[in-house]
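An overview of the molecular structure
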Amino acid sequence: MSGARLGPTARGKRSGIRPFHSSWQAKLLAIVVAAYAVYALGQLEFSAERFVKGLDNGARFLARMFPPSYRNGDQIVTGFVESMQIAVLATFFGVMLSLPIAVLGARNLMPAWATWPARLIVTLCRAFNPVIVAIVFIKAVGFGALAGVLALIVASVGFVGKLFMEAIEEISMKQIEAVRATGAPFLSVVTYGVLPQVIGRLVGFCTYQLDANLRNSTMVGIVGAGGIGAALFAGFQRFEYDFVLAILITIIAVVLLGEFASNYVKRIFHV
Amino acid sequence: MAAVLNIRGLTKAYKPGMPVLKGIDLDFDERGLTAIIGSSGTGKSTLIRIINRLVNPTEGSILFKGVELSRIEGRQLREVRRRIGMVFQEYNLVERLSVMENLLTGRLGYVSALDAWRRKFPEEDVTHAYELLDIIGLSDFAHQRADSLSGGQRQRVGIARALMQRPEILLADEPTSSLDPKTSVEIMELLKSQGVTNGIPVVVNIHDVELARRFADRIVGMTGGRVVFDGPPAQLTDDHLKMIYGGEGWLQ
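As the structure is a prediction and not an experimental result, all values here were calculated from the model.

1. What to know about the overall build of chain B
- In terms of regular secondary structure, chain B is built from nine helices and 10 strands.
- Taken over C-alpha atoms, the radius of gyration comes to 18 Å for chain B, in line with the 18 Å a tight globule of 252 residues would show.
- Taken along the three principal axes of its C-alpha coordinates, chain B extends 55 × 40 × 35 Å.
- Among the 252 residues that make up chain B, the fraction classed as buried is 52%.
- Within chain B, counting contacts between residues at least 6 apart in sequence, those at least 24 apart form 67% of the total.
- Taking the 32 positively charged and 32 negatively charged side chains of chain B as two groups, their mean positions are separated by 6 Å.

2. Focus on the packing of aromatic side chains
Residue and element names in this part refer to chain A.
- If you walk through the whole model with that rule in mind, you get eight aromatic pairs over all chains.
- Consider the rings of Tyr36 and Tyr39, whose centres lie 6.1 Å apart with planes at 45°: the pair is tilted. Remark: Tyr39 and Tyr36 occur in helix 2 (residues 24-43); sequence separation between them is three residues, near one turn of the helix.
- Summarising the aromatic geometry, the rings of Phe61 and Tyr241 are spaced 4.6 Å apart at their centres and angled 85° between planes, so their arrangement reads as edge-to-face. You can see Phe61 sitting in helix 3 (residues 48-65) and its partner Tyr241 sitting in helix 11 (residues 241-268), a full 180 residues away along the chain.

3. Some words on the domain arrangement of chain A
- Partitioning chain A into domains gives domain 1 (21-65) and domain 2 (73-268).
- Its C-alpha centre places domain 1 of chain A at a distance of 33 Å from the equivalent point of domain 2 of chain A.

4. So, the sheet that holds strand 10 (residues 226-231) of chain B
Residue and element names in this part refer to chain B.
- Overall, mixed pairing links the six strands, which are arranged 6-7-8-3-9-10 in an open sheet. Among the strands making up the open sheet, the edge pair consists of strand 6 (84-87) and strand 10. Averaged over all pairs of adjacent strands, the angle between strand axes in this sheet comes to 20°, irrespective of strand direction.
- Relative to strand 8 (residues 202-205), strand 3 (residues 33-37) is paired through four bridges, and the arrangement is parallel. Looking across to strand 8, one finds that Leu33 is bridged to Val202.

5. Points about the sheet that holds strand 2 (residues 18-29) of chain B
Residue and element names in this part refer to chain B.
- Ordered in space as 2-1-4-5, the four strands form an open sheet in which the pairing is antiparallel. This sheet does not close on itself; its edge strands, each paired only once, are strand 2 and strand 5 (67-68).
- Here five bridges tie strand 1 (residues 3-15) to strand 4 (residues 59-64), and the two strands are oriented antiparallel to one another. In the sheet register, Arg8 faces strand 4, and the bridge partner there is Ser61.
- In this fold helix 1 (residues 44-51) packs onto strand 1, strand 2 and strand 4, with an angle of close to 120° to the strand it touches most, strand 1.

6. Comments concerning the layout of surface pockets
- Reported here for the largest pocket is a volume of approximately 710 Å³.
- If you go around the largest pocket, you meet 27 residues; those closest to its centre are Thr191, Leu195, Pro196 and Ile199 of chain A together with Trp117 of chain B.
- Sorting the residues of the lining of the largest pocket by element identifies helix 4 (73-105), helix 7 (145-169) and helix 9 (186-220) of chain A together with helix 4 (113-117) of chain B as the ones contributing at least two each.
- Residue composition of the lining of the largest pocket, by class: 22 nonpolar, two polar and three charged.
- Estimated volume of the second largest pocket: approximately 540 Å³.
- Where the lining of the second largest pocket is concerned, the elements lending two or more residues are helix 4, helix 9 and helix 11 of chain A.
- The element contributing the most residues to the lining of the second largest pocket is helix 9 of chain A, with eight residues.
- Split by residue class, the lining of the second largest pocket holds 17 nonpolar, four polar and one charged.

7. Here we look at unusual backbone geometry
- Cis peptide bonds are those with omega within 30 degrees of zero, and the linkage from Phe66 of chain A to Pro67 of chain A qualifies with -10°.
- Structurally, Pro67 of chain A can be placed in the loop between helix 3 and helix 4.
- Backbone geometry places Asn92 of chain B, a non-glycine residue, at a positive phi of 50°.
- By the element assignment, Asn92 of chain B lies in the loop between strand 6 and helix 3 (99-104).
- With relative accessibility at 5%, the residue Asn92 of chain B sits in the buried group.
- With a phi close to 50°, Arg166 of chain B is a non-glycine residue in the positive phi region.
- Examined against the element boundaries, Arg166 of chain B turns out to sit in the loop between helix 6 (151-164) and strand 7 (169-173).
- What makes Arg166 of chain B partly exposed here is its relative accessible area of 48%.

Definitions and cut-offs
For every chain, the first residue of its written sequence is number 1, and the numbers climb from 1 along that sequence. For naming, the first written chain is A and the first written ligand is 1, with later ones following in the order written. At least 70 in pLDDT is required for a residue's local features to be given in this predicted model, at least 80 for side-chain atom pairs to be given and counted, and no such filter applies to totals for whole chains, interfaces and linings, which use all residues. To get the side-chain values, take all heavy atoms of the structure and skip hydrogens and water. The helix count covers DSSP runs of H or I at least four residues long, the strand count covers runs of E at least two residues long, and both are numbered beginning at the N terminus. Taken over C-alpha atoms, the radius of gyration is set against a globule rule of 2.2 Å times the number of residues to the power 0.38. Residue burial is assigned from relative accessible area. The probe radius is 1.4 Å, only protein chains are included, and a residue is buried under 20% of its type maximum, exposed over 50%, and partly exposed in between. Contacts: residue pairs with any heavy atoms within 4.5 Å of one another. Residues counted as positive are Lys and Arg, residues counted as negative are Asp and Glu, and His and the chain ends are not counted. Note on charges: their place is set at NZ of Lys, CZ of Arg, CG of Asp or CD of Glu. Stacked, tilted and edge-to-face are the three classes applied to pairs of Phe, Tyr and Trp rings, where Trp contributes its six-membered ring and a pair requires centres within 6.5 Å; stacked means planes under 30 degrees apart, edge-to-face means over 60, and tilted covers the rest. Domain segmentation is taken from an automatic or database assignment of domains. In short, DSSP must find at least two bridges between two strands for them to pair. Note on geometry: axes are lines fitted to C-alpha atoms, helical ones only across the stretch in contact, with angles between N-to-C directions running from 0 to 180 degrees. Put simply, the grid is 1 Å and covers the protein atoms alone, a cavity is a trapped set of points that fit a 1.4 Å probe, a pocket is an open set with protein on both sides within 12 Å along at least five of seven lines, and lining residues have an atom within 4 Å of a point. Grid points are joined across faces, edges and corners, and a volume is the space filled by probe spheres set on the points. Under the scheme applied here, ten amino acids are nonpolar (Ala, Val, Leu, Ile, Met, Phe, Trp, Tyr, Cys and Pro), four are charged (Asp, Glu, Lys and Arg), and all others, including Gly, are polar.

As structure tokens, this is what we get:
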């Protein structure tokens, strides 16, 4: 009964207080973003007419792609074998480099003098698209697969290094504390306290990165860093669109295969 | 009896000017189970963590078998930690490692990082581990992952891990707080008997006054960062408990 008497009083006191508060800053931000989108559309001279014309071109281009042609099948095979090698090598060395960098960069394990340089390396590795990095390496070591491998190692360190660093920062410090309390040296704290807590996610990151490197390795070839990309680019330039489609279909098949392979690897490691 | 651990004027302030421990003096002999009681936030946990330097002291001295360990770092600190076993409230086992691997973690201070990584431990360590598994009644669990065990089983593994170090003192920070009453008694029995068997002192932080009375040879009562009672359980009166915990309603 007393509750019924208290009810209106309590409600009366709270009138004017809204349970969900939206700030004016958030509203302002939304308006600014919308306004800029409209402005940018005008600047780039997009028009419905141009878009329709473009669709028309696209249709003709697609028509010339069919049926896909495998007349240069051996070119596709050698290109893909090289792409695959680039991807696997880059993933392997990229992950090997990422492990120590991530441990050094984890703020829950290391003091600031170690985390800053490690984080800087990872950020620099992520700063540029692999294609730009590949161009730099082509200038340094010449055309070919080596430039592709180096470019994708950089990309892998940027990606796996960052994710792995974050995974290490989320581990339970209680388990670390217990390993430390036994008088274990730092490296043993890492192998017995840190790695068991992140190994599952690390396997996930590696398979994902292998997948990404497989796709990226087809791309770095376009600028001359080896792999199937070179054949793809040549096909475009010679207007052999049916050959291009054959390559594109093969890329899709290989990426799908990579997906199955990574699922299989994850099952082996129970993650 | 020779003293194993002498604590003098120990002060800890996490924030300057707000000390959690205000000048603790305590001595621990070669044997016996000491229970440290006191309400939450009174610095029991800080005190026990300072002994193996999981927490650094602000002031004071900690003499462990002649080694002053309040200021040592690096290799020296690791060598002292090897000799101090620690049991945690939430067991702190490495969840994804097997029971055997968790036990051998207790030997990490003695094997090189490379050998540890390759799981190459001396034969006697592995034998010791199986002996301890036998003692804690988990012989069949050696290859199970730690996260598949129950709370009581985990805590027994935690104790075995500490004993793997062949420690010269055993510290336990609220080892029974996450366990049911029956399991709590079993854990206290294990701590007590292992202290006696190995001839080492056992220091236990504990909330449960009855458990403390039942198993301790000595009770240390703390309140507000100071020791206000230090003596055998028989001398611990209700007046002492009022002083340690404040109020008296909870005593009835």
